[in-house]
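# Residue-level structural notes
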Amino acid sequence: MKLNIIENESLAEHTTWQIGGPARYFAQVVDTDELIAAVKEAGRLGVPHFVIGNGSNLLVGDKGYQGLVIKLRGSFTGVGIKHNVIMAEAGVKLGTLVTTARKKSLEGIAFAAGIPGTVGGAMVMNAGGHGGTMSDIAETLTILNPQGEVEMLTVADIKLGYRMSNIKEKGIILSATFRLEPGDPAEVTAEIVEALDQKRRTQPIEARTAGSVFKNPQFKHAAQLIEKAGCKGMQVGGAVVSRMHANFILNVGEATARDVLTLIEQVQDRVKEYSHTELEREVELVGEF
Ligand SMILES: Cc1cc2nc3c(=O)[nH]c(=O)nc-3n(C[C@H](O)[C@H](O)[C@H](O)COP(=O)(O)OP(=O)(O)OC[C@H]3O[C@@H](n4cnc5c(N)ncnc54)[C@H](O)[C@@H]3O)c2cc1C
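Residues numbered from 1 in each chain as written. Predicted model: local features only at pLDDT ≥ 70, side-chain atom pairs only at ≥ 80, totals over all residues.

## Examining the pairing of strand 15 (residues 172–179)
Looking along a regular strand, one sees side chains alternate from face to face of the sheet. Our working definition: Whether a residue is buried, exposed or partly exposed is read from the other C-beta atoms within 10 Å of its own C-beta, which are placed from the backbone; 20 or more gives buried, 12 or fewer gives exposed, and intermediate counts give partly exposed. Helix and strand labels come from DSSP, where a helix needs a run of H or I of at least four residues and a strand needs a run of E of at least two; each type is numbered from the N terminus. Only when DSSP finds a minimum of two bridges between them are two strands counted as paired.
Where burial is concerned, most of strand 15 is hidden: six out of the eight residues are buried. Pairing of strand 7 (residues 85–89) with strand 15 involves five bridges; the strand directions are antiparallel. What sits directly across from E89, in strand 15, is S175.

## Regarding the site of the ligand
Condition: Residues are classed as near a molecule or strand if the C-beta position derived from their backbone is within 6 Å of it. Note that Gly is not counted as nonpolar here; it falls among the polar residues with everything else outside the nonpolar set of Ala, Val, Leu, Ile, Met, Phe, Trp, Tyr, Cys and Pro and the charged set of Asp, Glu, Lys and Arg. The split of the chain into domains comes from an automatic or database domain assignment.
Surrounding the ligand, one finds 33 residues, the nearest of these being G53, G117, G120, G121 and G211. Mapped onto the shell around the ligand, the elements with two or more residues apiece are strand 3 (49–52), helix 3 (119–125), strand 9 (128–129) and strand 15. The dominant element in the shell around the ligand, judged by the number of residues it contributes, is helix 3, at five residues. Classifying every residue of the shell around the ligand gives 16 nonpolar, 14 polar and three charged. Counting only domains with at least three residues in the shell around the ligand, you end up with domain 1 (5–71) and domain 2 (79–202).

## Some details on unusual backbone geometry
Here H83, not a glycine, exhibits a phi torsion of approximately 55°, which is positive. Structurally, the position occupied by H83 is in the loop between strand 6 (79–82) and strand 7. Positive phi is not limited to glycine here, since R163 has a value of about 50°.

## Quick notes on the environment of T96
In this structure, T96 sits in helix 2 (residues 94–103). Residue T96 is classed as partly exposed on the basis of its C-beta count, with 16 C-beta atoms lying within 10 Å. Separated by 17 residues in the primary sequence, T96 and V79 place their C-alpha atoms 8.6 Å from one another.

## Here's the deal with helix 6 (residues 185–202)
Stated formally: Multiplying one less than the number of residues by 1.5 Å gives the expected span of a helix. The arc under discussion is defined with respect to the helix axis, by the directions toward the C-beta atoms. For every residue pair, C-beta atoms are placed from the backbone, and the pair is scored as a contact if these atoms sit within 7 Å.
The terminal C-alpha atoms of helix 6 lie 26 Å apart, and with 18 residues this matches the ideal 26 Å at 1.5 Å per residue to within 8%. What helix 6 keeps buried is the set V188, E191, I192 and A195. The arc that holds the buried residues of helix 6, viewed along the axis, is 90°, so those residues lie on one side. The exposed set on the far side of helix 6, more than 90 degrees from its buried face, consists of A186, E187, A190, D197, R200 and R201. Packing partners of the buried residues in helix 6 comprise helix 2 and strand 8 (106–107).

Shown next as structure tokens:
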């Protein structure tokens, strides 16, 4: 085992917004032994650690993260399938999971098509849309608990809500299983194509974003509230509220995390003023701003 720790790795390289300062320490781990070694190393260095998937829900501060960032994406990529249960390691991209299901004509996962996260990040966020969420299909999680032991949890052991979970209190996800339903091959493919088409029609999926910035308030759509408050096209530095989908903020140039955060606060203020609704952030802030 050879744990390779890099110093001052730019986290802009590891987030879909392509924004963020350096991680004081950074390690891409390839298996559980390396992950355990990385966590121990953070302890030895006296710094916190943060596990990153595809960085598609993160706003990393311009001053970076004063700890060890551990990346699982690009490793932890095993996928297995038994009957209608898919086992996937934490670094597997949701797109791979969807393709695996489609090839076996399994349905129930079309909602995940086009979400650019990993299994680990998607479980932590309980990612979803299009009438489904990870909690609908997840069955078990294998985690590395804070005591450094590998443990298996069922979904009944964890709390999963709208774009939230308490999984990080339990540990680092190593893998998960998902139970799907046998389906008609043509219908399974059609559902996935439709979900992808809808994303392409309504979201700036080619741009540098982190998806929806805010959660939908109960019975309301954040994007509609933002649009009604006249925020489409609002700009701070290189950060712009998308005209295509008002709940997306684009990095159109050299946006800093400070630009995005300032724009987030401006949108929250305007929406509050216009419709008396507090918008809660869906994207997670990491590190120092
Ligand atoms: C174009 C675009 C479209 C999007 N569309 C959607 C959508 O339709 N629905 C939706 O819900 N989201 C959407 N998102 C947001 C994002 O893709 C999801 O939240 C996704 O699940 C995040 O996964 P990730 O691997 O990128 O996680 P990251 O952003 O890297 O991390 C998210 C959180 O998970 C934690 N984490 C990651 N891996 C692990 C692990 N193995 N163990 C423990 N903790 C871990 C991190 O520490 C962090 O707290 C979109 C984003 C983009 C850019």
